Amino acid sequence: EIHLKLGNIELALQHHRKALQIKMKLYGETGSMEVAKSLNALAAIYDSQGRFERALKCYNKSMEITQKFKGFEDREVGELFYKLGNLHFEHSRHQEAIEYYEKAIPIIILFIIQKKNLTLKALTVLKKTQSTPQIQYFPLQQAVFKATES
């Protein structure tokens, strides 16, 4: 991490590759979230270098491991979908980006609700004290399209 902050990208890349090798020897290729974390770090570095295919490969492998250990609706899975969406968006693969964002949003919303601990009782109290707000939903594609128009 310190090498990244200092701008020593190649040195950071070397250290993260070495860390990944060590973790894979200890835990196996898909045997630990520690491997997934190292893959995420590598993916971020590759992304910062514009190395799309390598970043994509690392994020996908990390996703496989994360889903294995955390399930399909975990916050970390949502974050990975979001990172994959950003990766595709940065490389003008907008349709793929939208698909990943659409996968990320429900998971992230679920996490926010769980984190805020909104219980049925709290929602009932809220409903009694306020009029129900009118919420209008738009397809994500429309929101992204509007954002790219401006």
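None of the values given here were measured: they were computed from a predicted structure. (Residues numbered from 1 in each chain as written. Predicted model: local features only at pLDDT ≥ 70, side-chain atom pairs only at ≥ 80, totals over all residues. Heavy atoms only, no water.)

S.K.: Looking at this structure, how should I read the pattern of salt bridges?
M.R.: Opposite charge on two side chains allows them to pair when their charged atoms are near. By the definition in use, this model includes seven salt bridges. Residue glutamate 34 pairs with lysine 37 through a salt bridge whose shortest N-O separation is 3.6 Å. A residue pair is termed a helical-turn pair when its members lie 3 or 4 positions apart in one helix, as glutamate 34 and lysine 37 do in helix α3 (residues 33-48) at three residues. Here glutamate 34 falls in the partly exposed class, since its relative accessible area comes to 30%. Judged by its relative accessible area of 44%, lysine 37 falls in the partly exposed class. (Salt bridge = Lys/Arg side-chain N within 4 Å of Asp/Glu carboxyl O. Helix = DSSP H or I, 4+ residues; strand = E, 2+ residues; numbered from the N terminus. Buried < 20%, exposed > 50% of the residue type's maximum accessible area, 1.4 Å probe, protein only.)

S.K.: It is not clear to me how the packing of helix α2 (residues 9-27) against α3 should be interpreted in this structure. Could you clarify?
M.R.: Each pair of packed helices can be summarised by the angle the axes make with each other and by the distance between the axes. Running from N to C, α2 and α3 cross one another at 160°; their axes reach a closest spacing of 9 Å. As summarised for this structure, α2 and α3 are arranged roughly antiparallel, according to the angle between their axes. In this structure, α2 meets α3 at a crossing whose hand is left-handed. Contacts between α2 and α3 involve Ile9, Ala12, Leu13, His16, Arg17, Ala19, Leu20, Lys23, Met24 and Tyr27 on the former and, on the latter, Glu34, Val35, Ser38, Leu39, Ala41, Leu42, Ile45 and Tyr46. Classifying every residue of the contact of α2 with α3 by side-chain character gives 13 nonpolar, two polar and three charged. (Axes fitted to C-alpha atoms, helices over the stretch in contact; angles between N-to-C directions. Parallel < 35°, antiparallel > 145°, perpendicular 65-115°, else oblique. Left-handed = near helix turned anticlockwise from the far one by under 90°. Contact = heavy atoms within 4.5 Å. Nonpolar A, V, L, I, M, F, W, Y, C, P; charged D, E, K, R; others polar.)

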